[in-house]
Amino acid sequence: DTAVSQTPKYLVTQMGNDKSIKCEQNLGHDTMYWYKQDSKKFLKIMFSYNNKELIINETVPNRFSPKSPDKAHLNLHINSLELGDSAVYFCASSQVTTTDTQYFGPGTRLTVL
Amino acid sequence: ILNVEQSPQSLHVQEGDSTNFTCSFPSSNFYALHWYRWETAKSPEALFVMTLNGDEKKKGRISATLNTKEGYSYLYIKGSQPEDSATYLCAQRHSGGSNYKLTFGKGTLLTVNP
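Residues numbered from 1 in each chain as written. Chains lettered and ligands numbered in written order. Predicted model: local features only at pLDDT ≥ 70, side-chain atom pairs only at ≥ 80, totals over all residues. Heavy atoms only, no water.

Engineer: Please explain the sheet that holds strand β8 (residues 73-78) of chain A as it appears in this structure.
Structural biologist: Within a sheet, adjacent strands bond to each other through the backbone by hydrogen bonds, running parallel or antiparallel. All names here are of chain A. If you walk across this open sheet you meet the four strands as β1-β3-β8-β7, and the pairing is antiparallel. Every interior strand has two partners, whereas the edge strands, β1 (4-7) and β7 (64-70), have only one. When the angles between neighbouring strand axes are averaged without regard to direction, this sheet yields 20°. Here β7 pairs with β8 via five bridges, running antiparallel. Note that in β8 the partner of S65 across the bridge is H77. (Pairing = 2+ DSSP bridges. Helix = DSSP H or I, 4+ residues; strand = E, 2+ residues; numbered from the N terminus. Axes fitted to C-alpha atoms, helices over the stretch in contact; angles between N-to-C directions.)

Engineer: What is the right way to look at the interface of chain B and chain A in this model?
Structural biologist: It is common to report an interface's size as the accessible area lost on association of the parts. Opposite the 19 residues of chain B that make contact, chain A presents 23 residues. Buried surface at the junction of chain B and chain A, both sides included, amounts to about 1,700 Å², of which 65% is carbon and sulfur. On inspection of chain B and its partner chain A, the count reaches two residue pairs in polar contact (both at pLDDT 80 or more). Those elements that provide at least two residues to the side of chain B that touches chain A are β4 (30-38), β5 (45-50), β9 (86-94) and β10 (102-104) of chain B. At five residues, the largest contribution of residues to the side of chain B that touches chain A is made by β4 of chain B. A per-class count over the side of chain B that touches chain A returns eleven nonpolar, four polar and four charged. (Contact = heavy atoms within 4.5 Å. Buried area = accessible area lost by both parts, 1.4 Å probe. Polar contact = N/O pair within 3.5 Å; in protein donor to acceptor, adjacent residues only side chain to side chain. Nonpolar A, V, L, I, M, F, W, Y, C, P; charged D, E, K, R; others polar.)

Engineer: In this structure, what is going on with the pattern of salt bridges? I would like to understand it.
Structural biologist: If the charged atoms of two oppositely charged side chains come close together, the side chains can form a pair. All names here are of chain A. Here the structure, examined in full by the defined rule, presents five salt bridges over all chains. In this structure, E82 engages R63 in a salt bridge whose closest nitrogen and oxygen atoms are separated by 3.5 Å. Placement of E82 in the loop between β8 and β9 (87-94) and of R63 in the loop between β6 (53-57) and β7 is noted, with a sequence separation of 19 residues between them. E82 gets classed as partly exposed once you look at its relative accessible area, which sits at 40%. (Salt bridge = Lys/Arg side-chain N within 4 Å of Asp/Glu carboxyl O. Buried < 20%, exposed > 50% of the residue type's maximum accessible area, 1.4 Å probe, protein only.)

Engineer: Before we go on, may I ask you to explain the side chain of N50 of chain A in this structure?
Structural biologist: Residues and elements named next belong to chain A. Its place among the elements puts N50 in strand β5 (residues 43-50). Overall, N50 belongs to the buried group, its relative accessible area being 12%. Within polar-contact distance, the side chain of N50 engages the side chain of T31 at 2.8 Å.

Below, the structure is given as structure tokens:
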């Protein structure tokens, strides 16, 4: 069974559209994350939720809005997509303990035309 | 050091060579140091997490050490194989208010030539 899954895997859309990426984890973890892999392949944290509560909100345009309906899901909604939003977005989850190892989803490659 | 920095940025070795690379991080408010292995077109996979100064971890031919006082960690690969080719990421977790956050370095891209 897939531990952290994301849908869709690929997303191609036009500038100005609104789109969502979904993430689900079946590891029973209490914390979930969204990362953006930029053009230089650098992983940068965007958001984190712990038990459905937003705990990390980095400097991200407010066109990006995470939503966590329950501990196992963290979705990312993006309004008014721009060319610069094209990237690979990774979801991750962890159980916040001493080790806090994060388990990553397969990534969603978003292309904005 | 303000950020997590990794060196070298990329590395080419021959099959059978042993190699190592470095992760440097701020030593203040240290909580944990993670190493991840990231193969092309896949997602990062956890290798090690270390929390105590002097920690050493080993998994097969790969091992890591940690020096929290001077703010560095080394990753060693003994007898590199082509399947070891990947980007190796380190990430630091701080203590205090931001301790849910992992700050990643930019990675070391290792290519092992057969």
